[in-house]
Amino acid sequence: MEQRLEWAGYRARAMGENLAMGQPDVVSAVKAWMKSPSHCANIMLPVFTQMGASCVMDRAGRRYWSLVLAAPY
């Protein structure tokens, strides 16, 4: 994740990431993260002030979700 942020030109003083697989839509992915104590704690960290999300689908139709949490310098 750190390399991806650097490649995008984003300089972060703090960063975190939540991943999920298989949820059919964004609402389901967020609900899964919020039900997971470690993922929810990551989202709730006050140090993070910005976020970016993405979803990709493989050839079998499985969805992979990523939530990057960060704070810039």
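This report concerns the structure included in the present document. (Residues numbered from 1 in each chain as written. Predicted model: local features only at pLDDT ≥ 70, side-chain atom pairs only at ≥ 80, totals over all residues. Heavy atoms only, no water.)

Topic: the overall build of the chain
Per the secondary structure count, the chain includes three helices and three strands. Listed by position from the N terminus, the elements making up the chain come as α-β-α-α-β-β. Residue burial in the chain is summarised as follows: out of 73 residues, 27% are buried. Long-range pairs, those at least 24 residues apart, make up 55% of the contacts in the chain with a sequence separation of at least 6. Charged side chains in the chain number 8 positive and 5 negative. The centres of these two groups are separated by 6 Å. (Helix = DSSP H or I, 4+ residues; strand = E, 2+ residues; numbered from the N terminus. Buried < 20%, exposed > 50% of the residue type's maximum accessible area, 1.4 Å probe, protein only. Contact = heavy atoms within 4.5 Å. Lys, Arg positive; Asp, Glu negative; His and termini not counted. Charge placed at Lys NZ, Arg CZ, Asp CG, Glu CD.)

So, the side chain of Ser 66
Inspection of the secondary structure assignment puts Ser 66 in strand E3 (residues 63-72). On the basis of relative accessible area, Ser 66 is assigned to the buried category, the value being 13%. Ignoring any residue separated from it by four or fewer positions in sequence, one finds Ser 66 in contact with Glu 17, Asn 18, Leu 19, Trp 33, Gly 52, Ala 53 and Ser 54.

Focus on the sheet that holds strand E1 (residues 12-21)
Across the sheet, which stays open at both edges, the three strands sit in the order E1-E3-E2 with antiparallel pairing between neighbours. The sheet is open, and its two edges are formed by E1 and strand E2 (50-57), each paired on a single side. Each strand of the sheet is rotated relative to its neighbour by a mean of 15 degrees, with strand direction disregarded. Contacting E1 and E3, helix H2 (residues 26-35) crosses the sheet at an angle of about 60 degrees to E3. Each of E1 and E3 touches helix H3 (residues 37-44); the most contacted strand, E1, lies at about 145 degrees to it. (Pairing = 2+ DSSP bridges. Axes fitted to C-alpha atoms, helices over the stretch in contact; angles between N-to-C directions.)

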